[in-house]
Amino acid sequence: GWDLYIVKTEPYQEVISTLSEPDLYLAVLIVTVIVVFTLVTILLSHYISQPLKALTREVGRFHNRTEKPNSRRLMVKGDEIFYLREEYYKLQQRIDSLIEQTIKEQESKREYEMKALQNQINPHFLYNTLLSLRFLNRIGERQKLDQTILALVRLLSNLFEKEASSHTIREELELLQDYILIQQTRYGNNFDVEYHCTEEVLDCKIEKLILQPLVENAIFHGISSYEDGGQIKISICRQDTQVKIKIWDNGVG
């Protein structure tokens, strides 16, 4: 009824096989595209992540101060991460500069405060010492007068002739012994001083006159009112990586 005519016949299997070939080509193409896309993604990820990881490691090294930053070689000049790294490097240098400047300022401030403290101690101490020397001269204690004058000369020589603000614990104890001798002269030997110092700490460095104000407080505020029996104990020893200094007295507190 359609007015159709059979021109040619083909086996069914041959017709199916010709239709399946485009599907195979399409499948191969899709797999190839996926593989290429995956490789490109991995390469791009590696290209981006490696500089970021290097920058992260450098931030960690800078934070922990374990080693000098060295990840600039991993940066490719021209990309955003390179410029980020360059800005971070400038910030890092600025921080280092500020830290160094702050340390210098703190050291200068500490040295100025120590000198100011020494200058404050010296006039007061000299005034009282000269009064004691005058009293010894008046009562005729020539030997004790000579000992006290020599102790004062040694003390002033160490304080004024050496410009360094620090010295060894051994030198500090020598200064302290001269200072205590002068104070014992002033207060009539109404107190004794015991030293308990280990040999290993004697060459350690400390600030000048770091012990003298503490002993001075022990004398003036602790045992100056005692007629006899005052005791001061000075203990210096190593405790782990530090030096422990303890000054104790049996005064009124």
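Structure first, text after, so check above.
Presented here is an overview of the structure given in this document.

What counts as what
- Residues numbered from 1 in each chain as written.
- Predicted model: local features only at pLDDT ≥ 70, side-chain atom pairs only at ≥ 80, totals over all residues.
- Heavy atoms only, no water.
- Core = buried A, V, L, I, M, F, W, Y, C linked by side-chain atoms within 4.5 Å.
- Buried < 20%, exposed > 50% of the residue type's maximum accessible area, 1.4 Å probe, protein only.
- Helix = DSSP H or I, 4+ residues; strand = E, 2+ residues; numbered from the N terminus.
- Contact = heavy atoms within 4.5 Å.
- Axes fitted to C-alpha atoms, helices over the stretch in contact; angles between N-to-C directions.
- Parallel < 35°, antiparallel > 145°, perpendicular 65-115°, else oblique.
- Left-handed = near helix turned anticlockwise from the far one by under 90°.
- Pairing = 2+ DSSP bridges.
- Salt bridge = Lys/Arg side-chain N within 4 Å of Asp/Glu carboxyl O.

Focus on the nonpolar core
Then, in step 1: Counting residues in each nonpolar core, the largest one holds 28 residues, and the members touching the most others are Ile 169, Leu 176, Tyr 179, Val 215 and Ile 232.
Then, in step 2: Looking at this core, the elements that each hand over two or more residues are helix H2 (80–139), helix H3 (142–161), helix H4 (169–186), strand S2 (191–197), helix H5 (212–223) and strand S4 (230–239).
Then, in step 3: Counting residues per element, this core draws most heavily on H4, at seven residues.
Then, in step 4: Sequence-distant contacts of Ile 169, defined by excluding residues within four places in its chain, comprise Val 201, Leu 202, Cys 204, Ile 206, Ile 236 and Val 243.

Considerations on the packing of H4 against H5
Then, in step 1: The geometry of H4 relative to H5 is characterised by a closest axis approach of 10 Å and an angle of 20° between their N-to-C directions. Considering the angle they form, H4 stands roughly parallel to H5. Relative to H5, H4 is oriented so that their crossing is right-handed. From H4, Glu 172, Leu 176, Tyr 179, Ile 180, Gln 183 and Arg 186 reach across to H5, where they touch Gln 212, Val 215, Glu 216, Ile 219 and Phe 220.

Points about the sheet that holds S2
Then, in step 1: Reading across from one edge, S2-S4-S5 is the order of the three strands in this open sheet, with mixed pairing throughout. Whereas interior strands pair on both sides, the edge strands pair on one side only; in this sheet they are S2 and strand S5 (242–249). On average, adjacent strands in this sheet sit at an angle of 10° to one another, irrespective of strand direction.
Then, in step 2: Sitting on the sheet, H4 is in contact with S2, S4 and S5, with an inclination near 170° to S2.
Then, in step 3: Seen against the sheet, H5 touches S2, S4 and S5 and runs at an angle of roughly 150° to S4.

Focus on the pattern of salt bridges
Then, in step 1: Tallied over the full model, the rule gives six salt bridges.
Then, in step 2: Taking the shortest distance from any N to any O, the salt bridge between Glu 10 and Lys 8 comes out at 3.1 Å.
Then, in step 3: Residue classification places Lys 8 among the exposed residues on the basis of a relative accessible area of 66%.
Then, in step 4: A salt bridge links Asp 203 to Arg 170; the shortest N-O distance between them is 3.2 Å. Taken together, the positions of Asp 203 in the loop between S2 and strand S3 (205–207) and Arg 170 in helix H4 put the pair 33 residues apart, joining distant regions of the chain.
Then, in step 5: According to the relative accessible area criterion, Asp 203 is exposed, its value standing at 55%.
Then, in step 6: Taken together, the salt bridges that share partners define one network made up of Arg 170, Glu 199 and Asp 203.

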